[in-house]
Amino acid sequence: AHYVIDVQGFYIDPAEMELPFNGRTLFRGLEGDGEALFGSVRDIRQRYLQLFDAHSNRLASLSRKLGWTVLKHRTDRPVLGGLLPVYELMSAAKGH
């Protein structure tokens, strides 16, 4: 027997969620995305967090509209905490 569960998992680095940097900071993009130098991260933190939250909420909303279960997990927490909800969904799909 096959069971299908639709899950959108967001695995997020805490630094992306909180932007904990201070002072002059150079961000280097992955895969040739370029660089951005900020004289004071503190000056952009509030706007960044607003944009990050709005983006996360849009992705979660779209996922739910598609009928997917949305799971979020921070990478600074134990992996088991991110896998346990997936296991629970799989178990529920099998009727156990």
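Note that the structure is a prediction, hence the values are computed from the model and not measured.

Chemist: Would you mind going over the environment of histidine 73 with me for this structure?
Modeler: Mapped onto the secondary structure, histidine 73 falls in strand S4 (residues 69-74). The exposure class assigned to histidine 73 is buried, which follows from its relative accessible area of 12%. In sequence terms histidine 73 and aspartate 13 are 60 residues apart; their C-alpha atoms lie 8.7 Å from each other. When neighbours within four sequence positions are excluded, histidine 73 is seen to be in contact with Phe10, Tyr11, Ile12, Pro78, Val79, Gly81 and Gly82.

Chemist: Even after reading the chapter, I still don't get the pattern of salt bridges, so can you show me in this structure?
Modeler: Side chains carrying opposite charge are able to pair once their charged atoms draw close together. The full count for this structure, using the stated rule, is 3 salt bridges. Between glutamate 35 and arginine 28 there is a salt bridge; the shortest N-O distance is 3.0 Å. Measuring nitrogen to oxygen at the nearest pair gives 3.0 Å for the salt bridge that ties aspartate 76 to arginine 74. Residue classification places arginine 74 among the buried residues on the basis of a relative accessible area of 16%.

Chemist: What should I look at first to understand unusual backbone geometry in this one?
Modeler: Positive phi, close to 45 degrees, is recorded for leucine 19, a residue that is not glycine. Residues other than glycine seldom take positive phi values, yet glutamate 31 does so here, at roughly 55 degrees. Looking at the secondary structure, you find glutamate 31 in the loop between strand S2 (25-28) and strand S3 (35-38). When its relative accessible area of 80% is taken as the criterion, glutamate 31 is described as exposed.

About the cut-offs
- Residues numbered from 1 in each chain as written.
- Predicted model: local features only at pLDDT ≥ 70, side-chain atom pairs only at ≥ 80, totals over all residues.
- Heavy atoms only, no water.
- Helix = DSSP H or I, 4+ residues; strand = E, 2+ residues; numbered from the N terminus.
- Buried < 20%, exposed > 50% of the residue type's maximum accessible area, 1.4 Å probe, protein only.
- Contact = heavy atoms within 4.5 Å.
- Salt bridge = Lys/Arg side-chain N within 4 Å of Asp/Glu carboxyl O.

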